[in-house]
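Residue strings, one per chain:
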Amino acid sequence: MGCKVEELIREKVPSLEEGATVREAARLMASRNLGSCVVTRNGQTVGLFTERDLLTRVVADGRAPSALTLAEVCSRNLVSVGHDSTCREAVMKMQSHRCRRLLVYRGERFLGLVKLTDLAYAMASRGPQTNTLVNALGAVTFAVAIGVIAMLLIQLPELMQFAAPVGVP
């Protein structure tokens, strides 16, 4: 069975209402060692605030984190996938939308986030299991190559006779 997004969902994603300040969000993210938090309005997801948003929309612009609300600086063009999507489908969606996080939904219900790094790790760790045939073919090819080399080494004395100069006793 392939990698599924549902297996990688971060269920403990913190959320803050869009009226919360950037400083509150940064403190929350720092205390939980997270790179993002979900921005909500009346309990519904309306945005995502990330470390990148903090850097590009607050720090780089010289704005005061305590004077800005999440509504002013969060990312709103959110990209999502269904809980039953494969990891490959999720990575392709991230690539086409140039993002590193996806919101995961089951129907209309928000389940959590999945990050590109989590997907990459999961796909890499499952690689040897899913490539059993490729690994078997590689082993057979290696064994055949070793066999050919061994046969050539066994035949080397006879081959050397052909290489000896003609007329030499």
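Quick look at the structure, then. (Residues numbered from 1 in each chain as written. Predicted model: local features only at pLDDT ≥ 70, side-chain atom pairs only at ≥ 80, totals over all residues. Heavy atoms only, no water.)

**Regarding the pairing of strand S3 (residues 44-50)**
Part 1 of the argument: Counting buried residues along S3, 5 of its 7 residues qualify, which places the element largely inside the surrounding structure.
Part 2 of the argument: Pairing analysis gives 6 bridges linking strand S2 (residues 36-41) to S3, with the strands arranged antiparallel. Each residue of the ladder has a partner; that of Arg41, found in S3, is Gln44.
Part 3 of the argument: Between S2 and S3, which follow one another and run antiparallel, lie 2 residues, and Asn42 among them has a positive phi close to 55°. (Buried < 20%, exposed > 50% of the residue type's maximum accessible area, 1.4 Å probe, protein only. Helix = DSSP H or I, 4+ residues; strand = E, 2+ residues; numbered from the N terminus. Pairing = 2+ DSSP bridges.)

**Observations concerning the state of the cysteines**
Two cysteines form a disulfide when their sulfur atoms are joined by a covalent bond.
Part 1 of the argument: Throughout the structure, instances matching the rule amount to 1 disulfide.
Part 2 of the argument: A disulfide bridge connects Cys3 with Cys87, and the sulfur atoms are separated by 1.8 Å. Here the S-S torsion is close to -50°, and the disulfide linking Cys3 with Cys87 is therefore left-handed. Taken as a pair, Cys3 in the segment before strand S1 (15-17) and Cys87 in helix H4 (residues 87-97) lie far apart in primary sequence, 84 residues in all.
Part 3 of the argument: Exposure remark for Cys87: the relative accessible area of 1% places this residue in the buried category.
Part 4 of the argument: Residue Cys37 stays outside any disulfide, its sulfur separated by 8.8 Å from that of Cys74, the closest cysteine.
Part 5 of the argument: Overall, Cys37 belongs to the buried group, its relative accessible area being 0%. (Disulfide = S-S within 2.5 Å.)

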